[in-house]
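# Results of the structural survey
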Amino acid sequence: MKRFLLLIAATLTFSAASAQDSKVTFNDLPADAINFVREHFLVDHIASVWKDTDYNDEEYTIIFRDGLEIEFNGNGDWKELKARHGKVPDHVVPEKILAHVRATFPFESIKEVSRNLTKKRYKAELTDDQELKFDENFNFIGVK
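For the structure given in this document, a descriptive report is provided here. (Residues numbered from 1 in each chain as written. Predicted model: local features only at pLDDT ≥ 70, side-chain atom pairs only at ≥ 80, totals over all residues. Heavy atoms only, no water.)

### Here's the deal with unusual backbone geometry
Put simply, the test is: Runs of H or I in DSSP of at least four residues are treated as helices and runs of E of at least two as strands, each being numbered from the N terminus.
Positive phi, close to 75 degrees, is recorded for Asp 129, a residue that is not glycine. Among the structural elements, Asp 129 can be located in the loop between strand S7 (121–126) and strand S8 (131–134). One non-glycine residue, Phe 138, lies in positive phi territory at about 70 degrees. Checked against the element boundaries, Phe 138 lands in the loop between S8 and strand S9 (140–143).

Pasting the structure below:
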């Protein structure tokens, strides 16, 4: 039993040591992430940029002063846009997702949009906490 507890403690220590968040500069982001931000946002509105290294995987998070967060994978592809307050700006939501939400849920806004690059699926979370699922062509699949 003692060996088992030591093994668990060692595993947890290794896991904690292998995952690291560190503050980085905007220019440390992958080129595609830099281009995405420059195309859709004002760089001056960035509050902080973080790099999360977990084993061989890297992710980046940008936090804007208004509470918007954007998460990118190590290649600079966006994975998630999340509004801490209010809604995700319409101009960064895929058009077909935005059109579906406006037509079907006219009194709701999108507070989070994410995409799974492996499964090629999208998810939009509304201000009433409903989660809508979409396929790779932005066709509505259902409510989670």
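### Notes on the environment of Glu 69
As a reminder, the rule being used: Each residue is placed in one exposure class: buried if its accessible area under a 1.4 Å probe, protein chains only, is under 20% of its type's maximum, exposed if it is over 50%, and partly exposed if it falls in between. Contact definition: two residues touch when any of their heavy atoms are within 4.5 Å. As used in this structure description, the phrase polar contact means that two N or O atoms lie within 3.5 Å; if the pair is within protein, one of them must be able to donate a hydrogen and the other to accept it, and residues adjacent in sequence are counted only when both atoms belong to side chains.
Inspection of the secondary structure assignment puts Glu 69 in strand S4 (residues 68–73). With a relative accessible area of 18%, Glu 69 lands in the buried category. Taking the C-alpha atoms as reference points, Glu 69 and Val 49, 20 residues apart in sequence, are found 9.7 Å from one another. Leaving out residues up to four positions away in the same chain, Glu 69 has contacts with Thr 61, Ile 62, Ile 63, Glu 80, Leu 81, Lys 82 and Arg 84. Polar contacts involving the side chain of Glu 69 include one to the side chain of Arg 84, which spans 2.7 Å.

### Looking at the pattern of salt bridges
The cut-off we apply is this: Here a salt bridge means any side-chain nitrogen of Lys or Arg lying within 4 Å of a carboxyl oxygen belonging to Asp or Glu.
For the structure on display, the rule yields 11 salt bridges. Between Asp 90 and Lys 87 there is a salt bridge, and its shortest N-O distance comes to 3.3 Å. In this structure Asp 90 comes out as partly exposed when scored by relative accessible area, which is 26%. You can call Lys 87 partly exposed: its relative accessible area is 41%. Where Lys 144 meets Glu 131, a salt bridge forms, and the shortest distance between an N and an O atom there is 3.8 Å. Here Lys 144, found in the segment after S9, pairs with Glu 131, found in strand S8; they are 13 residues apart in sequence, far enough to count as distant. By relative accessible area, Glu 131 is classed as buried at 18%. Within this structure, Glu 59, Glu 71 and Lys 79 form a network of salt bridges that share partners.

### Examining the nonpolar core
Cut-off, in case you're wondering: Take the buried residues of types Ala, Val, Leu, Ile, Met, Phe, Trp, Tyr and Cys, join any two whose side-chain atoms come within 4.5 Å, and each joined set is a nonpolar core.
Counting residues in hydrophobic clusters, the biggest one holds 33 residues, and the most contacted among them are Ile 70, Phe 72 and Ile 110. If you tally residues by element for this core, the top one is helix H2 (residues 31–40), at 4 residues. The residues touching Ile 70, leaving out its near neighbours within four places in the chain, are Phe 36, Phe 41, Tyr 60, Thr 61, Ile 62, Phe 64, Trp 78, Glu 80 and Leu 81.

All quantities given are derived from atomic positions and should not be read as evidence of function.
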